[in-house]
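Per-entry structural report
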Amino acid sequence: MHQRNAYKSPPDFESLSRIYPPLRPHIIRVSVNERPTIDFHDPTAQRRLTQALLFRDFNIQLEIPNDRLCPPVPNRLNYILWLQDIISHTTSPESSTSIRGIDIGTGASAIYPLIACRLSPNWHFVATDIDSVSLLSAQSNIDSNGLSERITLIRADPTGPIMIPLIQDAAASFDFCMCNPPFYASKEQLTYSSATKALSPNAICTGAEVEMITPGGEEAFVSRMVSESITLGERCRWYTSMLGKQSSVTALVTLLHDHSITNYALTELVQGQTRRWAIAWSFTDSRLPDDVGRPSAFALRRLLPPRTTYRQPLHNMPSAGSIQRVLSPLESDDLSISNESGGKVCVVARRDTWSRSARRRARATRGTGIGKEATLEPVLLVAHVWIEERTGGELVVEWKRGQDIQAFESFTSHLGRKMIM
């Protein structure tokens, strides 16, 4: 579960029912010694719980048709909090611009845009769905919560493009897209899964077939997203999707590698007995820290993206200014350093100035005027460098921007050697 998720512990149902009385008739006590709960196999009880949590924690009033999916709040919140992390780490803190997102398949509740807009006042959404019943319900929920100016609905065609907001408006750009695609490829898969869950303590699924089934299942759906993203490129900064099967994670990471997309992130979202995964990829040069894009789940270890955080223990705690002293010989038109808050040093490099071959080239061209055009080149690497106060100290280098993993590894190797000399 995400560390900022407030639902790490089960809710106090008695207290919750006092705030949202429609929940009270559904509270049960299995035994005298156990805390009150609800029957998670009762669709009405599930709806009342979702409505109660949204009302208490987000000031959201929600109505859901009886024949449409009732979304569990904690699981949805996990995904939104991860998206907040992605955006915060790849957007300038000084930026006051609006964050624009696409919710693909928003459903009857429109729960993702509703929660996200409550949490982040500068977020705006275009939400899509193929189902007219869901769109009518979603619009009602958006209107009743006063968010019609921040959330726009578009009807999508099941046989048309997925990224319809970017297709309809060739000038449009977005910061992210999110998606919780249908898991199943056929009615038979859905029926089998429902029968299995009926025998387990898990909550039953209340979704309609249009919400739960898509040709080829979730893997095929997100594969289409990858295909469309290759054409759309940086018009969406981060393409993301939740996944319900670990096999889908494996297949989609393989697909990203097949298309040489190496800037991606994974996470594992665990809520009680429910385990989900999410994947994100980008064609920009913005990099995410390891604690956002590289989960510690053992089962995902072979699928993880390249590391973006380098750590090296130091024998002794360095004196103040030691990072600047090591980096200052590298400063030139091609590499600049500046002090950031929290004792961090920001390094911006347009060319490699640290490797032996780069230093040889610099000596050979010194005084000739060759290379003066370097400042016109795109950024090769941006990194933050700092010392963490542990036993002896620890050098930390975090990759912030760049497409060349070898340049980052070369830079960290050089800096690590110099800091222990």
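Our subject in this report is the structure included herewith. (Residues numbered from 1 in each chain as written. Predicted model: local features only at pLDDT ≥ 70, side-chain atom pairs only at ≥ 80, totals over all residues. Heavy atoms only, no water.)

**Some remarks on the packing of helix α3 (residues 73-89) against helix α4 (residues 111-119)**
Threshold: Only the stretch in contact is used when a helix axis is fitted, and all axes are lines through C-alpha atoms; the angle between N-to-C directions ranges over 0 to 180 degrees. A helix here means a DSSP run of H or I that spans at least four residues, while a strand means a run of E at least two residues long, and both kinds are numbered starting from the N terminus. Note on terminology: angles under 35 degrees are roughly parallel, angles over 145 are roughly antiparallel, angles of 65 to 115 are roughly perpendicular, and the others are oblique. Helix crossings are classified by the rotation of the near helix relative to the far one: an anticlockwise turn of less than a right angle makes the crossing left-handed, while a clockwise turn makes it right-handed. Residues are treated as being in contact if the distance between any of their heavy atoms lies within 4.5 Å. Three classes are used, and their members are as follows: Ala, Val, Leu, Ile, Met, Phe, Trp, Tyr, Cys and Pro are nonpolar, Asp, Glu, Lys and Arg are charged, and the others, Gly among them, are polar.
α4 packs onto α3 with a crossing angle of 55° between their chain directions and a minimal axis gap of 10 Å. Classed by the angle they form, the pair α3 and α4 counts as oblique. Here the hand of the crossing between α3 and α4 comes out right-handed. Residues V73, R76, L77, Y79, I80, L81 and Q84 of α3 form the contact with α4, whose own contacting residues are I111, Y112, I115, A116 and L119. Taken together, the residues of the contact of α3 with α4 break down into 10 nonpolar, one polar and one charged.

**Thoughts on the sheet that holds strand β14 (residues 394-401)**
Our working definition: A pair of strands is considered paired only if DSSP assigns at least 2 bridges between the two.
Read across the sheet, five strands follow the order β10-β14-β13-β12-β11 without closing on themselves; strand pairing throughout is antiparallel. In this open sheet, the two edge strands, each paired with only one partner strand, are β10 (309-313) and β11 (335-339). Neighbour-to-neighbour, the strand axes of this sheet turn through a mean angle of 20°, independent of strand direction. By the bridge criterion, five bridges tie β11 to strand β12 (residues 345-349) in an arrangement that is antiparallel. Note on β12: the bridge partner recorded for S336 is V348. Helix α14 (residues 405-419) contacts β10, β12, β13 (381-388) and β14 of the sheet and is inclined by roughly 160° relative to β14.

**Points about helix α9 (residues 217-232)**
Keep this limit in mind: In this scheme, a helix's expected span is set at 1.5 Å multiplied by one less than its residue total. Whether a residue is buried, partly exposed or exposed follows from its accessible area with a 1.4 Å probe, protein chains only, as a fraction of its type maximum: under 20%, in between, or over 50%, in that order.
An ideal rise of 1.5 Å per residue puts 22 Å on 16 residues; α9 measures up with 23 Å between its terminal C-alpha atoms. Taken together, the buried positions of α9 are G217, E218, F221, V222, M225, V226, E228, S229 and L232. Buried residues belonging to α9 abut β3 (99-104), α6 (164-168), β6 (174-179), β7 (236-243), α10 (246-258) and β9 (274-281). Looking one or two residues past α9, G233 carries a phi angle of roughly 55°, positive in sign.

Distances and angles like these do not, on their own, reveal function.
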